[in-house]
Each structure stands twice: as structure tokens, then as C-alpha cells.
Amino acid sequence: MKLLALLLIGLLSPVFAAVEVGKPAENFTLTDTQGKTHSLTDFKGKFVVLEWYNPDCPFVRKHYDSSNMQTLQKTYVNKGVVWLSINSSATGKQGNYSPEEYNKIAAEKKTSPTALLLDHDGKVGHLYGAKTTPHIFIINPEGNLIYQGGIDNKPSADPADIATAENYVKSTLDAAMAGNPVTVSTSKPYGCGVKY
């Protein structure tokens, strides 16, 4: 009876496939808020940042209200990095908006990703094992995952912590783009749970 209960729990639980650092990143195709379709394979040969995003999450607002995220986006997109923000909030859940509403929010916040992709059925979020907003994945030009985890090492919603935090997006991209080893390739993501 106990075994049957465990099997049922396993069958009813959400599937988090989760990708692995050092392994090829799983391909996916999503549509952005402008109606354009993007596949990860379109960006082979470039560094790619995947940022799970929910504009209503206090941990996300920490990085956008302070302009920390926009500064990172502008800095690395200008260096040729592809930055894909992904929203996996299901219909009726926190952070789920129409494309027009996302575009309005992006204009107000002056965001600068390459694209904001819509994953409202959560397939890509589950494929990558995205747990929080933000949750960061970084892929190298060969298509391998080189980092997954939190944006930094200060798991708080307090913008004052940004100044003293080690930013893992910056350290990973700076090291990898210079041909150096990535010192921290995995960390525990922090933030709001993805609203699947």
C-alpha cells in the first residue's frame, strides 16, 4: 500500500527534467511578445542567457527596480550575448499577462533582453527545471550549459544587497568570454516559485 502511494505521488508530481551543467542545453522553440518565433539552435555560436522572469515577483523587482538586470542585459547584449527572458506563468497565475501588457511593462522598466519569450504552458520551464524567478541558465557558443542557478549569492529581496553580492551572471560570462574556467558553475536559485 505504501509503495502504491509513493507511485501515485510520483505520477501526480510535476516533472522537472532539469538540464545539467557541462551537457548540451536542450533545444526549444518559443514565441516572443512581438509574435516572433525563436529556437535555441538559432543562436548556436553565441553565448546565451536564459532568465526566468515574473514581473510581479519581489525578487525580480529587486533587480529591475534597481536597474541591476537592465544594466546586465545592456552590457552583455552589446557584447554579442543573446539574452532571453522567459515567462512560464500559467493563465490566471501571478505574472501572466498578454503580449501587449508585457511590452508595456518592458517599456516602463526599460528592459533590454534580446527577446521576452512566452512559455505559458510551462513546457520549457519544466524541460530546464526552472524553479524560481529569477533562475539563470548560461549556454556557451558550443551549445553546452556552463552555469545554472541564482543571479547572485545574496538570496534576499532587498536591493541594498546587490552592491555587495557576487553576481554569477557577470562572473560566468566574463570568465567564459575571456577563455577562462568558470569558478562557480552551479548555485541554488532563489526567488519566487515559477507559477506553473
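Since we're looking at a predicted model, the values are computed, not measured.

**Here's the deal with the overall build of the protein**
Secondary structure assignment for the protein yields six helices and nine strands. Relative to the 2.2 N^0.38 estimate, which gives 16 Å for 196 residues, the radius of gyration of the protein is 17 Å and therefore close to what a compact globule would have. Looking at the protein residue by residue over its 196 residues, the buried ones come to 46%. Within the protein, contacts between residues at least 6 apart in sequence are counted, and of these 75% link residues at least 24 apart. For the protein, the centre of its 19 positive side-chain charges and the centre of its 18 negative side-chain charges are spaced 2 Å apart.

**Concerning helix 2 (residues 58–65)**
The periodicity of an α-helix, 3.6 residues per turn, causes residues three or four places apart in sequence to face the same way. Listed as buried for helix 2 are V60, K62, H63 and Y64. Of the surrounding elements, those touching the buried residues of helix 2 are strand 3 (48–52), helix 3 (68–77), strand 4 (82–87) and strand 6 (132–133).

**Observations regarding the sheet that holds strand 8 (residues 145–149)**
Pairing is mixed across the open sheet formed by seven strands, whose spatial order is 2-1-5-4-3-7-8. Every other strand in the sheet has two partners, leaving strand 2 (37–39) and strand 8 as the edge strands with one partner each. The average angle at which neighbouring strand axes cross in this sheet is 30°, direction not considered. Relative to strand 4, strand 3 runs parallel, the two being bridged by five bridges. Its bridge partner being in strand 4, L50 is matched across the sheet by L84.

**Notes on the packing of aromatic side chains**
Counted according to the given criterion, the structure contains eight aromatic pairs. When the centroid spacing of 5.5 Å and the interplanar angle of 75° are considered together, the rings of W52 and F137 count as edge-to-face. Here F137 lies in strand 7 (residues 136–139) and W52 lies in strand 3, a separation of 85 residues in the sequence. Among the residues examined, W52 registers a relative accessible area of 0% and is labelled buried. A centroid spacing of 5.7 Å and a plane angle of 85° characterise the contact between Y97 and Y102, whose relative ring orientation is edge-to-face. In textbook terms, an aromatic cluster arises when at least three aromatic residues are bridged by ring pairs, as seen for F28, W52, Y128 and F137.

**Remarks on the pairing of strand 1 (residues 29–32)**
Here strand 1 shows a buried face lined by L30 and D32 and an unburied face lined by T29 and T31. Here strand 1 runs beside strand 2; their pairing, made up of three bridges, is antiparallel. Considered in strand 2, the bridge of T29 is made with S39. Connecting strand 1 to the antiparallel partner strand 2 that follows it, the hairpin turn spans four residues, and G35 within it adopts a positive phi of roughly 90°. In the sheet, strand 1 pairs with strand 5 (residues 115–118) via two bridges, with the strands oriented antiparallel. Among the inter-strand pairings, T31 is bridged to a residue of strand 5, identified as L118.

**Some thoughts on the state of the cysteines**
Within the structure shown, the criterion is met by one disulfide. Between the sulfur atoms of C57 and its disulfide mate C192 the distance is 2.1 Å. Here C57 and C192 share a disulfide; its torsion about the S-S bond, 90°, makes the bridge right-handed. Pair noted here: C57 is in the loop between strand 3 and helix 2 and C192 is in strand 9 (residues 192–193), with a separation of 135 residues, a long-range link. Across this residue pair, the class does not change: C57 and C192 are buried.

**Some points on the environment of A178**
As for its placement among the helices and strands, A178 is situated in the loop between helix 6 (168–177) and strand 9. For A178, a relative accessible area of 52% corresponds to the exposed category. Counting along the chain gives 105 residues from A178 to Q73, while the straight-line C-alpha distance between them is 18 Å.

Reading guide: rules and limits
- The numbering scheme is per chain: residues are counted from 1 as the chain's sequence reads.
- Whole-chain, interface and lining totals are the exception, using all residues; otherwise, since this is a predicted model, local features are given only for residues with pLDDT of at least 70 and side-chain atom pairs are given and counted only at 80 or more.
- Heavy atoms throughout the structure, all of them, feed into the side-chain values; hydrogens and water do not.
- Secondary structure elements are taken from DSSP: a helix is a run of H or I of four residues or more, a strand is a run of E of two residues or more, and numbering for both begins at the N terminus.
- Only C-alpha atoms enter the radius of gyration, while the globule expectation follows 2.2 Å times N to the 0.38, with N the number of residues.
- Each residue's exposure class comes from its accessible area (1.4 Å probe, protein chains only) as a fraction of the maximum for that residue type: buried when under 20%, exposed when over 50%, partly exposed otherwise.
- Any two residues having at least one pair of non-hydrogen atoms within 4.5 Å are treated as being in contact.
- A residue counts as positive if it is Lys or Arg and as negative if it is Asp or Glu; His and the chain ends are not included.
- Lys charges are placed at NZ, Arg charges at CZ, Asp charges at CG and Glu charges at CD.
- Pairing between strands is defined by DSSP: at least two bridges between the two strands are required.
- Note on geometry: axes are C-alpha line fits, over the in-contact stretch for helices, and angles between N-to-C directions span 0 to 180 degrees.
- Planes of paired rings set the category: under 30 degrees apart is stacked, over 60 is edge-to-face and the rest tilted, where pairs are Phe, Tyr or Trp rings (Trp by its six-membered ring) whose centres lie within 6.5 Å.
- Throughout, a disulfide means two cysteine sulfur atoms within 2.5 Å of one another.

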